[in-house]
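If you want the building blocks of each chain, they are given just below.
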Amino acid sequence: MSMVLPGVVGFKLSGKLCSGVTATDLVLTVTQMLRKHGVVGKFVEFYGEGMGELSLADRATIANMSPEYGATMGFFPVDHVTLQYLKLTGRSDETVAMIEAYLRANRMFVDYNEPQVERFYSSYLQLNLEDVEPCMSGPKRPHDRVPLKEMKTDWKACLDNKVGFKGFAVPKEAQDKVAKFSFHGQPAELKHGSVVIAAITSCTNTSNPSVMLGAGLVAKKASELGLEVKPWIKTSLAPGSGVVTKYLLQSGLQKYLNQQGFHIVGYGCTTCIGNSGDLDESVASAISENDIIAAAVLSGNRNFEGRVHALTRANYLASPPLVVAYALAGTVDIDFEKEPIGTGRMVVQSSVLPEMFKSTYEAITKGNPIWNQLSVHSSSLYSWDPNSTYIHEPPYFKNMTMNPPGPHGVKDAYCLLNFGDSITTDHISPAGSIHKDSPAAKGTFANIRIVNKLLNGEVGPKTIHIPTGEKLYVFDAAMRYKADGHDTIVLAGAEYGSGSSRDWAAKGPMLQGVKAVIAKSFERIHRSNLVGMGIIPLCFKAGEDADTLGLTGHERYNIDLPSKISEIRPGQDVTVTTDNGKSFTCTVRFDTEVELEYFNHGGILPYAIRNLINQ
């Protein structure tokens with residue numbers, strides 16, 4: 001693995017979180033700050049006296065959202081809190097003592113009881129934990145934080161605003177629309193902002209005892225007051241660990257979560273990755289037929305468009321206690337300041353015991369009966385099933401020669417898609433449930449919420465086939481270009497490829513014939529994945545983009561690269577020209593010599609195969 005030596009952002013924490021403020025509130029605040037600061041390709045190191053006030057689970061919640069704030073890593077140096085967690089999770093005293101001794105000897109242990117040495121960072125940020133307030137993020141991006149007290153006002157603004165990251169453009173006269181329907185014989189209704197999915201879903205939040213027990217306490221209070229979640233709201237609980245089940249049962253809180261519909265559905269990625277399953281047919285019809293902006297509230301990390309569910313256009317990230325609260329409220333169009341929700345923390349130490357971790361993790365290696373009974377072909381080669389809808393033999397090595405093909409430029413390429421900012425890997429390669437007749441079942445760039453400037457504002461996975469002017473699904477247009485022997489490129493704005501590090505968001509475009517992506521900026525992992533698939537990542541110069549250069553996407557593009565790999569340098573300038581006489585300079589984003597070698601081989605996969613054969 002190769003990478004450019006990263007800058008390190010120092011993030012100083014002071015004070016302590018106020019009562020009722022959760023780790024989720026903190027991480028959404030930190031995510032917003034770091035996105036604004038700009039930390040793509042950098043390490044973020046947290047330090048300061050506020051560190052002593054954060055549990056290891058709280059720190060892990062922050063570190064786990066590094067893809068959302070764009071950093072390569074969110075780093076918390078090891079200290080006494082880490083050692084305490086190792087003991088809590090069943091490690092022996094001897095192991096913990098060895099770890100501490102080793103880290104101290106290598107000057108990697110931080111002891112906040114000792115005077116702190118001033119460290120020097122590439123840049124600095126600071127946050128007083130006392131300033132963090134209850135909040136959510138949405139409705140379409142993890143870093144669009146909304147203080148809880150402003151949610152109702154912000155929701156109204158989103159209905160008014162033009163279509164965008166913070167807007168749905170619902171006409172004033174339609175904003176109070178009520179869709180009445182029958183839910184299994186029971187009268188029901190939906191409005192804009194009605195919650196139809198409430199999921200405590202498996203991200204770091206669901207391995208954090210304080211927020212999970214907090215959710216249980218909200219459910220308990222609601223049950224004692226006779227409150228119930230509406231039956232048409234799809235509720236679920238998918239913990240990040242089997243330990244969570246044990247401490248929710250021991251604390252006596254799981255039964256209250258069950259009463260509110262938050263039954264344990266499994267362990268692993270569920271609603272956050274689009275695996276919530278179908279909504280009830282009556283609910284789905286009410287949303288579709290009345291064009292309702294329905295909402296999902298989830299305790300996951302990502303809420304990009306089209307990711308959670310095709311029918312929830314508004315998706316908010318929130319702490320597990322708030323997920324329960326919004327499920328009970330049934331809408332995001334509410335001001336909780338008038339009905340504050342308090343959660344206690346005393347249950348954590350008594351409910352989370354080392355023995356729970358030990359017994360749970362000992363069982364992992366044994367599997368379970370269903371897993372152990374799976375029949376497996378005893379062959380050293382995988383037996384590909386041509387009828388599988390899930391895994392096919394990859395075509396990356398067809399027609400591969402033993403000699404590397406060498407670098408390639410781009411000649412007379414058409415623009416397949418012309419994007420704005422913040423195109424995520426979910427826009428490029430949708431995850432979750434994929435209908436067999438949908439565009440996503442055929443190929444990439446198939447998200448139902450994708451916005452392509454070639455379509456002048458129309459939303460959906462289509463594009464213009466430039467030679468004929470026809471409007472086609474992106475896959476069909478790409479296959480037509482490929483059949484006619486034409487290369488294609490993609491134009492994009494800032495933060496292209498943010499979100500999950502989904503390799504299919506690079507594999508798919510390569511298979512559809514995309515040779516280059518020209519963007520204002522890339523997310524680190526996606527840029528690396530494009531290089532790995534032999535696609536050229538190019539950045540516009542500062543202050544320039546497709547709009548300022550007058551590029552519409554109807555042009556044909558030439559990218560002039562040297563024919564010998566030895567003549568290409570990481571980060572060098574290249575000239576891009578079009579058939580209508582435009583010429584501009586871009587930076588080619590091969591960042592290391594190793595990446596150039598991948599490109600020379602046509603990607604990392606043929607590079608690896610040739611190396612294996614030549615050994």
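The following refers to the structure shown.

Each value, and the rule that gives it
Residues numbered from 1 in each chain as written. Predicted model: local features only at pLDDT ≥ 70, side-chain atom pairs only at ≥ 80, totals over all residues. Heavy atoms only, no water. Pairing = 2+ DSSP bridges. Helix = DSSP H or I, 4+ residues; strand = E, 2+ residues; numbered from the N terminus. Axes fitted to C-alpha atoms, helices over the stretch in contact; angles between N-to-C directions. Contact = heavy atoms within 4.5 Å. Salt bridge = Lys/Arg side-chain N within 4 Å of Asp/Glu carboxyl O. 1 Å grid on protein atoms, 1.4 Å probe; cavity = no way out; pocket = protein on both sides within 12 Å on 5 of 7 lines; lining within 4 Å. Points joined across faces, edges and corners; volume = space filled by probe spheres on them. Nonpolar A, V, L, I, M, F, W, Y, C, P; charged D, E, K, R; others polar. Domains from an automatic or database assignment. Phe/Tyr/Trp six-rings, centres within 6.5 Å; stacked < 30°, edge-to-face > 60°. Buried < 20%, exposed > 50% of the residue type's maximum accessible area, 1.4 Å probe, protein only. Lys NZ or Arg CZ within 6 Å of the ring centre and 35° of its normal. Core = buried A, V, L, I, M, F, W, Y, C linked by side-chain atoms within 4.5 Å. Left-handed = near helix turned anticlockwise from the far one by under 90°. Polar contact = N/O pair within 3.5 Å; in protein donor to acceptor, adjacent residues only side chain to side chain.

## Focus: the sheet that holds strand β16 (residues 488–491)
- The mixed closed barrel is built from 7 strands, whose spatial order is β13-β16-β17-β18-β21-β20-β19. Across the sheet, the axes of successive neighbouring strands diverge by a mean angle of 40°, strand direction being ignored.
- Pairing of strand β19 (residues 556–559) with strand β20 (residues 573–578), which is carried by 3 bridges, proceeds in the antiparallel orientation. Bridged to Asn-558 within β20 is Thr-577.
- Seen against the sheet, helix α17 (residues 474–483) touches β13 (410–418) and β16 and runs at an angle of roughly 170° to β13.

## Observations regarding the pattern of salt bridges
- On inspection of all chains with the given rule, the structure shows 28 salt bridges.
- One salt bridge connects Asp-547 with Lys-453, and the closest N-O pair in it is separated by 3.2 Å. Of the two residues, Asp-547 sits in the loop between β18 (536–540) and β19 while Lys-453 sits in the loop between α16 (439–442) and β14 (462–465), which places them 94 residues apart along the sequence.
- One network of salt bridges, with partners in common, ties together Glu-100, Arg-104, Asp-111 and Glu-114.

## Some remarks on the sheet that holds strand β4 (residues 123–128)
- Pairing is parallel in the open sheet, where 4 strands are placed in the order β3-β2-β1-β4. At either margin of the open sheet sits one strand with a lone partner, and together these are β3 (73–75) and β4. With strand direction ignored, the average angle separating the axes of adjacent strands in the sheet is 20°.
- Sheet topology note: the strand β1 (residues 8–14)/strand β2 (residues 43–47) ladder contains 5 bridges and is parallel. Counterpart to Lys-12 in the pairing with β2 is Tyr-47.
- Sitting on the sheet, helix α1 (residues 23–37) touches β1, β2 and β4, and the angle it makes with β4 is about 150°.

## Some remarks on empty space enclosed by the protein
- A complete count under the given rule lists 1 cavity of 30 Å³ or more for this structure.
- Put simply, the largest cavity is a space of about 50 Å³.
- Arg-35, Glu-68, Arg-141, Pro-142, His-143, Phe-304, Ser-422, Thr-424, Glu-495 and Ser-498 are the residues that line the largest cavity.
- Tallied by class, residues from the lining of the largest cavity come to 2 nonpolar, 4 polar and 4 charged.
- When residues of the lining of the largest cavity are assigned to domains, at least three fall in each of domain 2 (135–341) and domain 3 (410–614).

## Here we look at the packing of aromatic side chains
- Counted by the stated rule, this structure contains 16 aromatic pairs.
- Between Phe-181 and Trp-232, the ring centres sit 6.2 Å apart and the planes meet at 70°, which makes this aromatic pair edge-to-face. Here Phe-181 is found in strand β7 (residues 178–183), whereas its partner Trp-232 is found in the loop between α7 (209–224) and β10 (234–237), with 51 residues between them in sequence.
- Take Trp-232: its relative accessible area is 10%, and that puts it in the buried class.
- Connected via pairs of aromatic rings, a cluster forms that spans Phe-419, Phe-445, Tyr-496 and Phe-522.
- The ring of Phe-165 has Arg-141 lying over it, and the distance from NZ or CZ to the ring centre is 3.8 Å.
- In this structure, Lys-462 is placed above the aromatic ring of Tyr-473, and the distance from its NZ or CZ to the ring centre is 4.8 Å.

## Considering the nonpolar core
- Phe-46 and Tyr-326 are the most contacted members of the largest nonpolar core, which totals 92 residues.
- In terms of residue count, the dominant contributor to this core is helix α11 (residues 320–329) (7 residues).
- Of the residues that make up this core, three or more belong to each of domain 1 (8–131) and domain 2 (135–341).
- The contact partners of Phe-46, leaving out residues within four places of it in the chain, are Phe-11, Leu-13, Val-30, Met-51, Ile-62, Tyr-69, Gly-74, Phe-75, Phe-76 and Pro-77.

## Observations concerning the packing of α1 against helix α2 (residues 56–64)
- At their nearest, the axes of α1 and α2 sit 9 Å apart, and the two run at 35° to each other. Between α1 and α2 the crossing geometry is right-handed. Along the contact surface, α1 presents Ala-23, Leu-26, Val-27 and Val-30, while α2 presents Asp-58, Thr-61 and Ile-62.
- Here the contact of α1 with α2 is composed, by residue class, of 5 nonpolar, 1 polar and 1 charged.

## Observations concerning helix α4 (residues 80–88)
- Taken together, the buried positions of α4 are Val-81, Thr-82, Leu-83 and Leu-86.
- Buried-residue contacts for α4 involve α2 and α5 (93–105).
- Capping of α4 at its N-terminal end is provided by Asp-79; its side-chain oxygen lies 3.0 Å from the backbone amide nitrogen of Val-81.
- Just beyond α4, the residue with positive phi is Gly-90, at close to 90°.

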